[in-house]
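Single-letter residue listing:
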Amino acid sequence: MSAAPPAPRDAATVILLREPLEVYLVRRARGMAFMAGAHVFPGGRVDPGETFEAAAAREVREEVGIEINPADLIPWARWITPEIEARRFDARFFVAELPPGATPRVATAEAMEGLWIAPRAAVARPEIVLMPPTLWNVLELCAFESAGEAIAAARRGRDLTPILPKFHDGALVLPGDPCYDDPAAPTPPPERQRRFVIEGGRWAVRGGPPLALPRGARGEKGEGAP
């Protein structure tokens, strides 16, 4: 009998935004056991007795020195690490706009640097490595023209059904891909796939909902000022 997968730990993550639309990413230290060298949103595990919002606000304060009222955090997404992984997290993602006058600065040994960058530029730059949940959320932000527009969309409510990817034939498949529920299913055409694949050493999204980068999207200049 195969061993049961490890139970995921609760985690909370903040997608910090500013105008013109940019997202703040921190690059994890190369010596870290989990996601070393990847660019991620500030976040971490939920301590006993904490709410997800309180944990998210604490992590932002500890990692980048920004004070955010937990009440200002708006639910955006929920991702669960695949069952095959030894380190598993049930992570809630929140969005928040940068408080007026605040300037994030990496303040933890777990990260090497932080940067503001437009979503489209984050996806395009080969030196920026985005893990699947980060990549998916950054791609979703490409559909918005401003941080305010993204925040407004979150306030209207989003589908917070947990997303639990599964590994299949070298890809990480999502619910909606025919191979997600039936490992023997033939590989579907791209328009019917909801999966991540490795291309050129980086994760890329194939198929699924319309996550393609919009023509004329702002932010092609790349990263912004600190």
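Preceding this section is the structure that the text describes.
All of the points below concern the structure found in this document.

Definitions and cut-offs
- Residues numbered from 1 in each chain as written.
- Predicted model: local features only at pLDDT ≥ 70, side-chain atom pairs only at ≥ 80, totals over all residues.
- Heavy atoms only, no water.
- Helix = DSSP H or I, 4+ residues; strand = E, 2+ residues; numbered from the N terminus.
- Buried < 20%, exposed > 50% of the residue type's maximum accessible area, 1.4 Å probe, protein only.
- Contact = heavy atoms within 4.5 Å.
- Areas by Shrake-Rupley, 256 points an atom, 1.4 Å probe, with all protein chains shown as cover.
- Salt bridge = Lys/Arg side-chain N within 4 Å of Asp/Glu carboxyl O.
- Polar contact = N/O pair within 3.5 Å; in protein donor to acceptor, adjacent residues only side chain to side chain.
- Core = buried A, V, L, I, M, F, W, Y, C linked by side-chain atoms within 4.5 Å.
- Arc of directions from axis to C-beta.
- Pairing = 2+ DSSP bridges.
- Axes fitted to C-alpha atoms, helices over the stretch in contact; angles between N-to-C directions.

Turning next to the overall build of the protein. In terms of regular secondary structure, the protein is built from five helices and eleven strands. Within the span of the protein, comprising 226 residues, buried residues form 48% of the whole. Looking at the protein alone, contacts between residues at least 24 apart form 62% of all its contacts between residues at least 6 apart. For the protein, the accessible surface area stands at approximately 11,300 Å², while carbon and sulfur atoms represent 53% of it.

Another aspect to go through is the environment of Ala 118. Counting through the fold element by element, Ala 118 comes out in the loop between β7 (111-117) and α2 (119-124). With relative accessibility at 0%, the residue Ala 118 sits in the buried group. Each C-alpha atom of the pair Ala 118 and Glu 22 lies 4.2 Å from the other, and the pair is 96 residues apart in sequence.

Scanning all chains against the criterion turns up 13 salt bridges. Among the salt bridges present, the one from Glu 127 reaches Arg 125, with a minimum N-O distance of 2.6 Å. Each of Asp 47, Glu 50, Arg 58, Glu 59 and Glu 62 takes part in salt bridges that share partners, so that together they form one network.

One can find Glu 63 in helix α1 (residues 52-64). We classify Glu 63 as buried; its relative accessible area is 9%. Distance in space between the C-alpha atoms of Glu 63 and Pro 42 is 6.6 Å, their sequence separation being 21 residues. Separated by 3.4 Å, the side chain of Glu 63 and the backbone nitrogen of Gly 43 make a polar contact.

Right, let's talk about the nonpolar core for a bit. Ranked by size, the top nonpolar core spans 40 residues in total, and within it Ile 15, Leu 17, Trp 76 and Phe 196 carry the most contacts. Apart from the residues lying within four places of it in its own chain, the contact partners of Ile 15 are Val 23, Phe 41, Trp 76, Phe 93, Phe 94, Val 95, Ala 96, Asn 137 and Leu 141.

Taken together, the buried positions of helix α4 (residues 147-156) are occupied by Ala 147, Ala 150, Ile 151, Ala 153 and Ala 154. Across the axial projection of α4, the buried residues extend over an arc of 160°, all falling on one side. Facing away from the buried surface of α4 by more than 90 degrees, the exposed residues are Arg 155 and Arg 156. Against β1 (9-18), β5 (74-80), β6 (89-97) and α3 (132-141) lie the buried residues of α4. In the segment just after α4, Gly 157 is the residue with positive phi, at about 105°.

Sheet architecture is open: four strands sit in the order β8-β9-β10-β11, paired in antiparallel fashion. This sheet does not close on itself; its edge strands, each paired only once, are β8 (166-168) and β11 (202-207). Each strand of the sheet is rotated relative to its neighbour by a mean of 35°, with strand direction disregarded. Where strand β10 (residues 194-199) and β11 come together, six bridges link them in antiparallel fashion. Its bridge partner lying in β11, Arg 195 is registered against Arg 206. Together, β9 (171-173), β10 and β11 form the strand contacts of α3, whose direction differs from that of β11 by roughly 55°.

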